[in-house]
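Summary of structural features
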Amino acid sequence: MPLAAYLLVSLVLFVLGGLGLMIRRNPLVLLMCVELMWNGANLAFVALGRGLEAMSAHVFAFVVITVAAAEVAIGLAILVLVFRGKARQDVDEVNLLGERG
Amino acid sequence: MVLFFLLGSLMAVAGASGVVVARKPVHGVIGMILNFLGLALLYVSLQAEFLAVVQIIVYAGAVMVLFLFVVALLTAHAKPPAMGPSPLRGQGWRAGLVAVLLLTALLPVGVVVPGRAEPWEGDFGGVVRFGQELLTTHLLAFEALALVLMVAVIGVVILVGRPPQRRRGARGEGGS
Amino acid sequence: MAVTGMNFTLLLPELILVATGILLVLLDLFTEQKRVLVYAGLAGVLASLLALIPGFGTTASIWADMIQVDSLAGFFKIVFLAVTALALLVSLEYVERRQIQAGEFYALLIFATVGMFLMASSLNLLVIYLGLELVAIASYALVGLLKQDGRSVEASIKYLLVSSATSAVFLFGISLVYGTTGSLALPQIAQALAAGAASQPVLFAGMLFLLAGLAFKVAAFPFHMWAPDTYEGSPTPISAFLITGAEAAGFAALLRVFLVGLPGLADAWTTIFAALSVLTMTYGNVTAISQTKIKRLMAYSAIAQAGYVLVGLAVATGQGTAAMLYYLLVYAFMTVGAFAVIILVANSGAGEEISDFRGLSQRSPFFAWALVIYFLSLIGIPPTAGFFGKLNLFSAAIAADMTWLAVVMVINSVISAPYYFKVIRTMFLEEAAEAEPVRAPASLTWATAITLVVTILLGLVPDQVYSWVRLVAGAL
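Residues numbered from 1 in each chain as written. Chains lettered and ligands numbered in written order. Predicted model: local features only at pLDDT ≥ 70, side-chain atom pairs only at ≥ 80, totals over all residues.

Let us look at the overall build of chain B. The helix and strand tally for chain B stands at six helices and zero strands. Each helix and strand of chain B, placed in order from N terminus to C terminus, yields the pattern α-α-α-α-α-α. Counting every position in chain B, which comprises 176 residues, the buried fraction comes to 39%. A separation of at least 24 residues holds for 59% of the contacts in chain B among residues at least 6 apart in sequence. (Helix = DSSP H or I, 4+ residues; strand = E, 2+ residues; numbered from the N terminus. Buried ≥ 20, exposed ≤ 12 C-beta atoms within 10 Å, placed from the backbone. Contact = placed C-beta atoms within 7 Å.)

Have a look at this one:
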């Protein structure tokens, strides 16, 4: 397959993740959408690295996967705090901050 | 390889769409897992065998189990999240428009990239080459990565762990 | 196979900080006296500062070209260490009052500093990305540390979602640039650009992604929406730390990526930075006028100040870079100083509204006057340091034939005056509800005194520091 096809898939994943970030409200789902965007970027990396015959792309993708795991862990910890404080699930209701208050 | 690509990209895109449209977070998690399996297939077809394994073990395994666990923990007793129509009406199609615009703007970018994924040969993408690359040229990045993980662990522990003891009459900032 | 350039001496500042962080977590288990942790942290910062000395004047690429030791890295490391030391000082009282787990708090602060070090001292996009994530992950935890306070948790989750989405954008940018130039090292990327890769649309798209990703980190308009919420909700010392340190690190990465890696596309990105700069400073200043909470006011003021600093990238000359560095240095001190006063007022039982500053001139004249000086410096009134910071940026813009940008800067400084004066008027002309003097802990007095001296000194004798900064900028 031409690498352009892979890049296309990665773009679709990236944009789908971004779309989810814009239309969804549940912070759990938002976190997953961010993961989609990271994975889109990762696929682009591996595909382009294949073209260059360079392993550094694989290392980068590996690093991104690990950092994403760290990020998810801390994101879920904060979500547990959000839920523990108030049984809310909707970022539109998470609005103590801002000019109104 | 063409088959791997077609199947992988189909699974990845279907899974991603599932995450975006699923009403329940649990279904989103399943979509994510489908997406990760599809990506692993794509990695295999790109001769990134080690990454494919990591993708399945770390992402589809560890990360998504964590997600499932939190979804179960947080939504077991709560009433199903009030999703329905978005509180900001019209936001959906506007976001869709933005997404379509972005995609069409980036499309020409993707198409011009040269190169093909075949043939599958040599030790490129294998664990030996990967290990050599990671622990020689990228040794410093590897160490920094370890630090990132440690910071994440400390962060999670102080965020959700209970403080050992608190003095009586202590006053938090809350409510000020 | 071995790693080329395994130089531990030049990596010592980072190593010392990591060791200090780990030590603080362990020390926390054994001591009830949490003040000791601050002293240990300060000692670590000082040791790291001393460890910078062997690297001065040398330019070296170590650890298989992953770390670049040069005077620019040295300059930024000094700024980061100063910010960290001051953040430790202003946190002392705050942490005790709010019952925050002290050991982990200070350790995360120091680990975030290591992340900033990596951002400023690498010419490799992988390491810059890792530094960025290290700062980000440590700050998510720090921002959400007031667990009983819904605002803090909310700030944390918003910051996390926006920041990781922008990291994804940054990553996509890196992958596109990598795909077209075949390298993650900025000098090689610049070579590929010079060899003709610059005309590729893929690379242009990658450049835009990198720009957007980093613009988020420095809270430039229209990528600023996370900043006011995050800075308002997080513990106040952390607001000060992020507003100065993390932002300076973002600018360090911007300087490296665009001036070292992508000079071949300078025509395009200077225009974008000029536009971002004008929008950012105007938006920040106009929105700050209507704020009633002091931390939100400082957040919008920070957005405006980021706009001023972006002028240096818009002109893309050595003079512009020097002016940026000088401004970032000055900005770090005057802003942390202002936050020290905010923490003092909040600790005295009042809240964080501007009206809580009523009568501060009687309750604590020293801190009230200190805040006046910081604010005069933020507006840019002579003879404070902020004046020379702005003057340098101004003359850099004029020297680069961008007089219009300089004019916009001056107009913005004028717009910014009223909201700072509103706070000053509240302190001096309005009566306090209670007249008893504010008890100031020694740590806050020290932090205020140090920042005050630097703010005044950089205003009175700017030439020595500026000539040094010129030298640093020349080495880029």
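Once that is clear, we can look at the overall build of chain C. Counting its regular elements, chain C contains 19 helices and two strands. Relative to the globule expectation of 23 Å for 476 residues, the C-alpha radius of gyration of chain C, 21 Å, shows essentially globular dimensions. Overall, chain C is about 70 × 55 × 40 Å in size when its C-alpha atoms are taken along their principal axes. Taking all 476 residues of chain C together, the buried fraction comes to 67%. Long-range pairs, those at least 24 residues apart, make up 79% of the contacts in chain C with a sequence separation of at least 6. (Rg over C-alpha atoms; globule rule 2.2 N^0.38 Å.)

Residues and elements named next belong to chain C. Across the junction of phenylalanine 221 and proline 222, the peptide omega takes the value 0°, indicating a cis bond. Relative to the helices and strands, proline 222 resides in the loop between α8 (201-217) and α9 (226-233). At the junction of proline 382 and proline 383, the peptide bond is cis and its omega measures out at 5° in the coordinates. For proline 383, the position within the fold is in the loop between α15 (365-379) and α16 (385-399). The residue aspartate 65 is not glycine, and still its phi comes out positive at about 65°. Positive phi, close to 60°, is recorded for aspartate 401, a residue that is not glycine. Inspection of the secondary structure puts aspartate 401 in the loop between α16 and α17 (403-429).

A separate point is the interface of chain B and chain A. Chain B puts 68 residues into the contact, and the matching count from chain A is 61 residues. Among the secondary structure elements, those contributing two or more residues to the side of chain B that touches chain A are α1 (2-21), α2 (25-45), α3 (49-75), α4 (91-111), α5 (127-135) and α6 (139-160) of chain B. Along the lines of polarity and charge, the residues of the side of chain B that touches chain A split into 50 nonpolar, 15 polar and three charged. (Nonpolar A, V, L, I, M, F, W, Y, C, P; charged D, E, K, R; others polar.)

Another point: the domain arrangement of chain B. Residues and elements named next belong to chain B. Domains assigned within chain B are domain 1 (1-75) and domain 2 (123-162). Facing the four residues of domain 1 at the interface are five residues of domain 2. Taken together, the residues that form the side of domain 1 that touches domain 2 break down as two nonpolar, one polar and one charged. (Domains from an automatic or database assignment.)

Let's shift gears to the nonpolar core. Core analysis: the biggest nonpolar cluster contains 308 residues, and Ile78 of chain A, Val148 of chain B together with Val90, Leu108, Leu130, Leu134 and Leu328 of chain C have the highest contact counts within it. For this core, the leading source of residues is helix α13 (residues 318-347) of chain C, giving 23 residues. A domain-level breakdown of this core finds at least three residues from each of domain 1 (1-75) and domain 2 (123-162) of chain B. The contact partners of isoleucine 78 of chain A, leaving out residues within four places of it in the chain, are Leu159 of chain B together with Tyr140, Gly144, Val153, Ser156, Ile157 and Leu160 of chain C. (Core = buried A, V, L, I, M, F, W, Y, C linked by C-beta atoms within 7 Å.)

So, on to helix α10 (residues 236-261) of chain C. Residues lying three or four places apart along an α-helix face the same way, a consequence of the helix completing one turn every 3.6 residues. For α10 of chain C, spanning 26 residues, the distance from its first C-alpha to its last is 36 Å, which sits close to the expected 38 Å at 1.5 Å a residue. With respect to burial, α10 of chain C is a largely interior element, 25 of its 26 residues being buried. (Expected span 1.5 Å × (residues − 1).)

Another aspect to go through is the packing of helix α1 (residues 3-23) of chain A against α1 of chain B. Contact geometry for α1 of chain A and α1 of chain B: axes closest at 9 Å, N-to-C directions at 10°. With respect to their mutual orientation, α1 of chain A and α1 of chain B come out roughly parallel. Of the residues in α1 of chain B, those in contact with Ala5, Val9, Val12, Leu13, Leu16, Gly17, Leu19 and Gly20 of chain A of α1 of chain A are Phe5, Ser9, Ala12, Val13, Ala16, Ser17, Val19 and Val20 of chain B. Across the contact of α1 of chain A with α1 of chain B, the residue classes break down as 12 nonpolar, four polar and no charged. (Axes fitted to C-alpha atoms, helices over the stretch in contact; angles between N-to-C directions. Parallel < 35°, antiparallel > 145°, perpendicular 65-115°, else oblique.)

Residue and element names in this part refer to chain A. The interhelical angle for the contact between helix α2 (residues 27-52) and helix α3 (residues 56-85), taken along N-to-C directions, is 175°, at an axis separation of 10 Å. Comparing their axes, α3 and α2 come out roughly antiparallel. Residues Pro27, Leu28, Leu31, Glu35, Trp38, Asn42, Phe45, Val46, Leu48 and Gly49 of α2 form the contact with α3, whose own contacting residues are Ala57, His58, Phe60, Ala61, Val64, Ala68, Val72, Gly75, Leu79 and Val82. Of the residues in the contact of α2 with α3, the class split is 15 nonpolar, four polar and one charged.

Once that is clear, we can look at the interface of chain B and chain C. Contacts between the two partners involve 28 residues from chain B and, on the opposite side, 36 residues from chain C. Of all elements in the fold, only α4 and α6 of chain B reach the threshold of two or more residues within the side of chain B that touches chain C. Of all the elements, α6 of chain B adds the most residues to the side of chain B that touches chain C, at 13 residues.

This part is about the confidence of the model for chain B. Residue and element names in this part refer to chain B. Residues of chain B with pLDDT of at least 70 account for 80%, and the chain-wide mean is 80. Per-residue pLDDT stays below 50 along residues 79-90; that stretch engages in nine contacts with residues further than four places along the chain or on separate chains. The low-confidence segment residues 166-176, where pLDDT is below 50, has 13 contacts with residues more than four positions distant or belonging to other chains. (pLDDT = per-residue confidence, 0-100.)

Residue and element names in this part refer to chain B. With respect to the element layout, leucine 68 can be found in helix α3. In this structure leucine 68 comes out as partly exposed when scored by C-beta crowding, with 16 C-beta atoms within 10 Å. Sequence-wise, leucine 68 and valine 29 are 39 residues apart; in three dimensions their C-alpha atoms are separated by 6.8 Å.

It is worth spelling out helix α2 (residues 35-51) of chain C at this point. Residue and element names in this part refer to chain C. Spanning 17 residues, α2 covers 24 Å between terminal C-alpha atoms, matching the ideal 24 Å at 1.5 Å per step. Turning to α2, its buried residues number three or more, namely Leu37, Val38, Gly41, Gly44, Val45 and Ser48. The arc enclosing the buried residues of α2, seen along the axis, measures out at 120°, which places them on a common side. Turned more than 90 degrees off the buried face of α2, the exposed positions are Tyr39 and Leu50. Close packing links the buried residues of α2 with α1 (12-30), α3 (71-98) and α4 (102-120). (Arc of directions from axis to C-beta.)

On to the environment of valine 46 of chain A, then. Note on placement: valine 46 of chain A falls in helix α2. Taking the number of C-beta atoms within 10 Å as the measure of exposure, valine 46 of chain A has 26 and is therefore buried. In the structure, valine 46 of chain A is positioned 13 residues away from valine 59 of chain A in sequence and 9.4 Å away in space, judged by C-alpha atoms. Setting aside chain neighbours within four positions, we find valine 46 of chain A in contact with Ala57, His58 and Ala61 of chain A together with Tyr43, Leu46, Ala48 and Leu51 of chain B.

For the rest of this paragraph, the subject is the environment of leucine 28 of chain A. Inspection of the secondary structure assignment puts leucine 28 of chain A in helix α2. Taking C-alpha positions, leucine 28 of chain A is 9.0 Å from glycine 75 of chain A, a pair spaced 47 residues apart along the chain.

Attention shifts here to the confidence of the model for chain C. Residue and element names in this part refer to chain C. Considering every residue of chain C, the mean pLDDT works out to 91; 99% of them sit at 70 or more. Least confident of the elements in chain C is helix α14 (residues 360-363), whose mean pLDDT is 87; most confident is helix α5 (residues 125-143), at 96. Predicted complex, confidence summary: ipTM 0.92, pTM 0.92.

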